[in-house]
Structure formats: structure tokens, C-alpha cells
Amino acid sequence: MSLPTTIEATACCVPRITSVLTAEDAERVSRVFKALGDPTRVRLLSLIAAGAGGEACICDLTEPVGLSQGTVSHHMKLLTDAGLVTREQRGKWAYFALNDGALDAAADALRSV
């Protein structure tokens, strides 16, 4: 006794993928998500976004996160390398601002897949 087939044999094998990220694009997007994978870095982004004019001096970021200036600088370097923030040197202090559209670009890269 055999059961009737209700699913056509070729129906499950139709490719649903229409486009994929290139290896280079995947690496770039991965750096963004890796940078966002740390709660301290997410807090730093929030502090910058809430800062006057949408920017913050490194000297204003250490106390709220409770870390040394060197550790915060390391986190900020990772955020800068990922393209999430821009850095401007003013005298001896570094000022950071959110890189407009960086988060949207990362999300859009996944949406288009």
C-alpha cells in the first residue's frame, strides 16, 4: 500500500535565494554587528547620540560607562573601524559623532538578501 503524494517532487527544490552578499560585503557588515555585540559599545553609541549636537568628547564618555579612558578609547576605535562613528581630533581631545546611515546600511544589507 502506498500513500498518495500531495506535494509535487520538484516543488521543494525551487531556489528561493535571489541574491547574496559578496564576501567583502559580508565582512564589512560582520564588523558592524561584531562592534554592536558588546553592551559597552552600544551604551557608548547611545551616549554619543544623546550628546549636544549628536557628538561627544572622549572625556565625557569614560565616567558614564565606568571604564578607564584607555578602555573607552579601545571601544571607540572598534566603533570607528566598523564605520559606526566618525572621529575628529580637537586639540588633545577626540570627539565622536554617529556616522549617519551606518546602522541602516547594515540592516539593509541583510534585508536585500
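Preceding block: the structure.
These figures come from a predicted structure and were not determined experimentally.

Definitions and cut-offs
Residues numbered from 1 in each chain as written. Predicted model: local features only at pLDDT ≥ 70, side-chain atom pairs only at ≥ 80, totals over all residues. Heavy atoms only, no water. Pairing = 2+ DSSP bridges. Helix = DSSP H or I, 4+ residues; strand = E, 2+ residues; numbered from the N terminus. Axes fitted to C-alpha atoms, helices over the stretch in contact; angles between N-to-C directions. Expected span 1.5 Å × (residues − 1). Buried < 20%, exposed > 50% of the residue type's maximum accessible area, 1.4 Å probe, protein only. Arc of directions from axis to C-beta. Contact = heavy atoms within 4.5 Å.

## As for the sheet that holds strand S3 (residues 93–98)
Part 1: Taken in spatial order, the 3 strands line up as S1-S3-S2 in an open sheet, and their pairing is antiparallel. Looking at the sheet topology across the chains shown, the edges are occupied by strand S1 (55–57) and strand S2 (85–90). Here the strands of the sheet are splayed against their neighbours by 25° on average, with no regard to which way each runs.
Part 2: Bridging between S1 and S3 involves 3 bridges; their strand directions are antiparallel. For Ala56, the partnering residue across the bridge sits in S3 and is Phe96.

## Digging into helix H1 (residues 23–35)
Part 1: End to end, H1 covers 18 Å across 13 residues, agreeing with the expected 18 Å (1.5 Å per residue, within 8%).
Part 2: If you check which residues of H1 are buried, you get Val29, Val32 and Ala35. All buried residues of H1 project into a common sector of 120° when viewed along the axis, lining one side. Residues of H1 that are exposed and angled more than 90 degrees away from the buried face: Ala23 and Lys34.
Part 3: At its buried positions, H1 is contacted by helix H2 (39–50), helix H4 (69–81) and helix H5 (102–111).

## Re the pairing of S2
Part 1: Of the pairings in the sheet, the one linking S2 to S3 comprises 6 bridges and is antiparallel in character. Opposite Arg87, over in S3, you have Phe96 as the bridge partner.
Part 2: Hairpin connection, S2 to S3: the antiparallel pair is bridged by 2 residues, and Gly91 has positive phi, about 65°.

Any link to function would need more than the numbers given here.
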